[in-house]
Amino acid sequence: MILPIVAYGDPVLKKVGEDIDQNYPDLNVLIDNMFETMYNAYGVGLAAPQIGLPIRLFVIDATPFSEDEDLTAEEQDVLKGFKRVFINATIIKEEGEEWAFNEGCLSIPDVREDVYRKPKVTIEYLDENFQEKTEVFDGLIARVIQHEYDHIEGVLFTDKLSVLKKRLIKGRLANISKGKINVDYRMRFPAQKKKR
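Residues numbered from 1 in each chain as written. Predicted model: local features only at pLDDT ≥ 70, side-chain atom pairs only at ≥ 80, totals over all residues. Heavy atoms only, no water.

Asks: I'm lost on the overall build of the protein chain in this one. Help?
Replies: Counting its regular elements, the protein chain contains four helices and nine strands. The secondary structure elements of the protein chain, listed N-terminal to C-terminal, are β-α-β-β-α-β-β-β-β-β-α-α-β. Taken over C-alpha atoms, the radius of gyration comes to 16 Å for the protein chain, in line with the 16 Å a tight globule of 196 residues would show. In terms of its C-alpha atoms, the protein chain occupies a principal-axis envelope of roughly 50 × 40 × 30 Å. The buried share of the protein chain, taken over its 196 residues, is 46%. Of all intrachain contacts in the protein chain linking residues separated by at least 6 positions in sequence, the fraction that spans at least 24 positions is 67%. As displayed, the protein chain offers around 10,700 Å² of accessible surface, 47% of which is attributable to carbon and sulfur atoms. (Helix = DSSP H or I, 4+ residues; strand = E, 2+ residues; numbered from the N terminus. Rg over C-alpha atoms; globule rule 2.2 N^0.38 Å. Buried < 20%, exposed > 50% of the residue type's maximum accessible area, 1.4 Å probe, protein only. Contact = heavy atoms within 4.5 Å. Areas by Shrake-Rupley, 256 points an atom, 1.4 Å probe, with all protein chains shown as cover.)

Asks: Which parts of the structure should I look at to understand the nonpolar core?
Replies: Across soluble globular proteins, you tend to see nonpolar side chains buried next to one another. Grouped together as the largest cluster of nonpolar side chains are 39 residues, with contacts concentrated most on Leu27, Met34, Leu46, Leu57, Val59, Ile87 and Ile108. With six residues, the single largest contributor to this core is helix H1 (residues 27–40). Those residues in contact with Leu27, other than ones at most four positions away along the chain, are Ile20, Leu57, Ile87 and Phe130. Membership of the second largest hydrophobic core comes to 22 residues, among which are Phe82, Phe86, Ile91 and Phe137. (Core = buried A, V, L, I, M, F, W, Y, C linked by side-chain atoms within 4.5 Å.)

Asks: Can you walk me through the sheet that holds strand E8 (residues 132–138) in this structure?
Replies: Sheets are built from strands paired through backbone hydrogen bonds, the pairs being either parallel or antiparallel. The sheet built from five strands is open, its strands ordered E2-E3-E4-E7-E8 with antiparallel pairing. Two strands close off the open sheet at either side, each with one partner strand: strand E2 (45–47) and E8. With strand direction ignored, the average angle separating the axes of adjacent strands in the sheet is 40 degrees. With three bridges connecting them, E2 and strand E3 (residues 57–61) associate as antiparallel partners. Among the inter-strand pairings, Leu46 is bridged to a residue of E3, identified as Val59. Relative to E3, helix H3 (residues 139–152) is tilted by about 155 degrees, and along the sheet it contacts E2, E3, strand E4 (83–95), strand E7 (120–126) and E8. (Pairing = 2+ DSSP bridges. Axes fitted to C-alpha atoms, helices over the stretch in contact; angles between N-to-C directions.)

Asks: I tried to follow the pattern of salt bridges on my own but got confused; where do I start?
Replies: A side chain with one charge may pair with a side chain of the opposite charge, provided their charged atoms come close. Under the criterion given, the structure shown has twelve salt bridges. Between Asp159 and Lys14 there is a salt bridge; the shortest N-O distance is 2.7 Å. Within this pair, whereas Asp159 is found in the loop between H3 and helix H4 (163–178), its partner Lys14 is found in the loop between strand E1 (5–6) and H1, the two being separated by 145 residues in sequence. The class for Asp159 is partly exposed, based on a relative accessible area of 31%. Look at Lys14 and you get partly exposed, because its relative accessible area is 47%. Linking Glu103 and Arg143 is a salt bridge whose minimum nitrogen-to-oxygen distance equals 2.7 Å. You can see Glu103 sitting in strand E5 (residues 99–105) and its partner Arg143 sitting in helix H3, a full 40 residues away along the chain. In terms of burial, Glu103 and Arg143 fall into one category: buried. (Salt bridge = Lys/Arg side-chain N within 4 Å of Asp/Glu carboxyl O.)

Asks: Can you walk me through the pairing of E5 in this structure?
Replies: For a regular strand, side-chain orientation follows a simple rule: the groups alternate between the two sheet faces. Across six bridges, E5 lies against strand E6 (residues 108–117) in antiparallel orientation. Within the sheet, the bridge partner assigned to Trp99 lies in E6 and is Arg117. Linking two consecutive strands that pair antiparallel, namely E5 and E6, is a turn of two residues.

Asks: I'm lost on the packing of aromatic side chains in this one. Help?
Replies: Aromatic ring pairs are reported here in terms of the distance separating the ring centres and the angle at which the planes meet. Per the counting criterion, the structure on display carries seven aromatic pairs. A centroid spacing of 5.5 Å and a plane angle of 85 degrees characterise the contact between Phe82 and Phe137, whose relative ring orientation is edge-to-face. Remark: Phe137 occurs in strand E8 and Phe82 occurs in the loop between helix H2 (73–79) and E4; sequence separation between them is 55 residues. Looking at Phe137, the relative accessible area reads 8%, which means it is buried. The interplanar angle of 70 degrees and the centroid separation of 6.5 Å between the aromatic rings of Phe86 and Phe137 together place this pair among those described as edge-to-face. Of this pair, Phe86 sits in strand E4 while Phe137 is found in strand E8, placing the two residues 51 residues apart along the sequence. Aromatic rings pair up to connect Phe58, Phe82, Phe86, Tyr125 and Phe137 into one cluster. Over the aromatic face of Phe35 sits the side chain of Lys83, whose NZ or CZ is 4.5 Å from the ring centroid. Its end group placed over the ring of Trp99, Arg143 keeps NZ or CZ at 4.3 Å from the ring centre. (Phe/Tyr/Trp six-rings, centres within 6.5 Å; stacked < 30°, edge-to-face > 60°. Lys NZ or Arg CZ within 6 Å of the ring centre and 35° of its normal.)

This is how it looks when you write it as structure tokens:
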């Protein structure tokens with residue numbers, strides 16, 4: 001089922017997510033719905049807060065990045081079919097020299113900005129079967145993980161921008177929260193006037 005994606009300005013996007021356990025209701029259905037919602041919106045990652053749930057869960061499918069011709073064949077292979085579920089994730093370490101990449105977010109449509117992040121992460125998480133994992137990722141996969149991880153920490157990529165950049169996009173962000181934007185997937189807008 002395709003769920004509405006929560007737009008910028010909704011308080012759920014600023015909450016730190018809570019851990020869940022195997023008894024979380026209909027978790028497998030939720031995970032399937034999150035992937036379906038993400039694919040419908042042409043995203044590569046989706047975190048539970050983006051569908052209104054303040055829990056520590058996000059999904060990633062980096063396959064669309066594998067078609068980037070600027071990447072090496074090896075990088076393309078790694079991205080192809082990289083599909084994961086991250087439950088109760090904790091980033092233990094971020095390493096390397098920060099690099100800029102133009103990021104966007106399904107909750108903030110039509111806003112893209114360069115964000116600086118470290119190229120390598122070590123992350124502990126549970127997969128969809130609640131198997132414990134500790135893994136190291138780098139490059140674009142690390143970036144997607146960091147972006148989605150920020151969501152379960154109540155952080156948006158726009159929070160990482162300079163004061164000047166934030167000022168320049170303030171009006172666009174306000175319009176997004178009011179629903180004054182054309183978007184080709186279902187969204188829920190926090191500041192949209194309720195129709196009587």
